[in-house]
Structures are given as structure tokens and as C-alpha cells.
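Geometric and topological summary
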Amino acid sequence: MTFDAIGIAGSALTVHRKWLDAVSDNLANINDVSRTSGKAFQARYVEAAEGSDGNGVYVKSTPQGSATGRLVYQPDHPLADAQGYVRYPDIDLSEQMGALIVAQRGYQANAQVVDRARETYQAALEIGKS
Amino acid sequence: MFDSVTSVALGSALDGLSLRQNTIANNIANINTPNYHAKRVQFEDALAASVSAGNGYAAPTVSTSQEPTQLNGNNVNLDTETLSNVDTVLRYQFAARAVGDEFTAIRTALRTS
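This is a predicted model, so every value here is computed, not measured.

What counts, and at which threshold
- Residues numbered from 1 in each chain as written.
- Chains lettered and ligands numbered in written order.
- Predicted model: local features only at pLDDT ≥ 70, side-chain atom pairs only at ≥ 80, totals over all residues.
- Heavy atoms only, no water.
- Helix = DSSP H or I, 4+ residues; strand = E, 2+ residues; numbered from the N terminus.
- Rg over C-alpha atoms; globule rule 2.2 N^0.38 Å.
- Buried < 20%, exposed > 50% of the residue type's maximum accessible area, 1.4 Å probe, protein only.
- Contact = heavy atoms within 4.5 Å.
- Areas by Shrake-Rupley, 256 points an atom, 1.4 Å probe, with all protein chains shown as cover.
- Core = buried A, V, L, I, M, F, W, Y, C linked by side-chain atoms within 4.5 Å.
- Pairing = 2+ DSSP bridges.

Glancing now at the overall build of chain A. From N to C terminus, chain A includes 2 helices and 4 strands. Counting helices and strands in the order they occur from the N terminus, chain A gives α-β-β-β-β-α. For 130 residues, the compact-globule estimate of 2.2 N^0.38 gives 14 Å, and the C-alpha radius of gyration of chain A, at 22 Å, exceeds that figure by more than 25%. In terms of overall dimensions, chain A has a C-alpha envelope of 85 × 25 × 20 Å along the principal axes. Counting over 130 residues, chain A shows a buried share of 34%. Considering only residue pairs separated by 6 or more positions, chain A has 58% of its internal contacts joining residues 24 or more positions apart. A total accessible area of about 7,400 Å² is found for chain A, and carbon and sulfur atoms account for 51% of it.

Here you go:
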């Protein structure tokens, strides 16, 4: 393709945006309470893989976290079972915040690549002008 | 005229730099991909040898970086890649201008009668 570098950086912007979406979804649901008979909210993870022939990056799969979560003793909660337990999702806040920063920085780095690539293609388009 | 050593060498340089930029874009795109190894593009030495042999054509070669990896098996270094990216853009603009000047010279010659 003609403007390869922009497409490659674009694929990485997509992957990082999906990762940001997944992290914000996990953070938004970090305190979801469910009955012990049901499933806990399952965190979403994004697995990135290298595209074939140096064609950027793509989302290979989106594995889900544990549905077991963790049991918390809250006898006064309306969803508590006979023993007084409710189910919380097993999401580590600091891990998610770390991922949030890494995803954001990755997005920014690739946005810069688009700028650099544009400068190069601009120079190529100037060839032959006098 | 268009197959002089200068024109061919400048063409090879533009091709090599363009491939290097795509490779850098790919390295930065995979900055968070587990087990990804950075790629490097070399063509300067081959081009210099080719020019001194009076040819001017040199195909770029791609190799995989052997630098130590992080815990996730990835060895892309954002500072190196960004520096190399800026460097490549400037070199490309420089070579593109040289090609433009080459054409300007030809155009001048065509006008002279």
C-alpha cells in the first residue's frame, strides 16, 4: 500500500483503544455485587499479536477473568445468601490502573508515529515540484 | 540521464528509508505485544559499497534485534525507535530534496537551447 506507516500506526491505535475500553469497563464494574449463586462480573483482557508480514498489530483474543470472583461477608446486603455472603469481581485495582497508563502511553506513541509518517509522505509528494 | 549513479543511489536511499520508517511504525505498533522482537533495516553500508563500485543500487536488509527483552518477551525500546523515526524523517526529506534538485537540473538543461 502507498501509505503503509499510517496504516500500521492506525492498527496500533485501534488495539490500544480497545484495551483502554476494556480497562475502563473493568474499572466501572469493579464493585458490582452479585448473588453467590450467580457469576461475578468477569474482567476483560485484550491479547495483542503481531500482524503477518510486518502489518502492525491486531487483537488476537479477549480472554475473560474469573467468574468465581471473591466472596465477601456482608450479611446486611440485600443480595446476601443465607450465610451472609455476596460475590464481588476479582479485579485488582492497581493492576488495572497500571494497564490504563500503559495503554494510554502506547496510544500516544502511535499517534506520534502518524505525525512523523505524514511528514515523510509530504516530502515524497513534493518531489518534482519546482 | 535517469539511470545515472546519483539517481539510482537516491532512489535506493528513499526505498531504504521508507522501509525503515514502516519498520519503526511496526515496532512502535507492537510496543505492548508479548514476545515481539524489534526489527532493524540496514542499507547504508551496502549503498556506499554499491556507489563506489559505480552501480548505485542497494536493496535494504531487515534483521531482528537481539537486545534483551522485558518480562513479556518484548524488546522494543520507545526512545530508540522515536529517535530513529525523527532521524529517518529528516534523512528522507533530505534525500527527497536531492531528487528534486536532480530533476531541476535536468529541467534547466531541457530549457537551454
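On we go from here.
Residue and element names in this part refer to chain B. By the secondary structure assignment, leucine 19 is in helix H1 (residues 5–29). Placed 60 residues apart in sequence, leucine 19 and aspartate 79 show a C-alpha to C-alpha distance of 19 Å. Aside from chain neighbours lying at most four places away, what touches leucine 19 is Val41, Pro60 and Val62.

Counting 15 residues, the largest nonpolar core has A:Ala5, A:Val57, A:Val113, B:Ala25, B:Ile28 and B:Ala29 as its most contacted members. Sorting the residues of this core by element identifies helix H1 (4–28) and helix H2 (93–126) of chain A together with H1 of chain B as the ones contributing at least two each. When residues of this core are assigned to their parent elements, the largest contribution, 5 residues, is made by H1(A). B:Leu17, B:Phe43, B:Tyr92 and B:Ala96 belong to the second-largest nonpolar core, a separate cluster that totals 14 residues.

In regular strands, side chains alternate between the two faces of the sheet. As judged from the 4 bridges shared by strand S1 (residues 47–50) of chain A and strand S2 (residues 57–61) of chain A, these two strands associate in the antiparallel manner. Looking at the pairing, A:Ala48 lines up with A:Val59 of S2(A).

Structural measurements only, silent on function.
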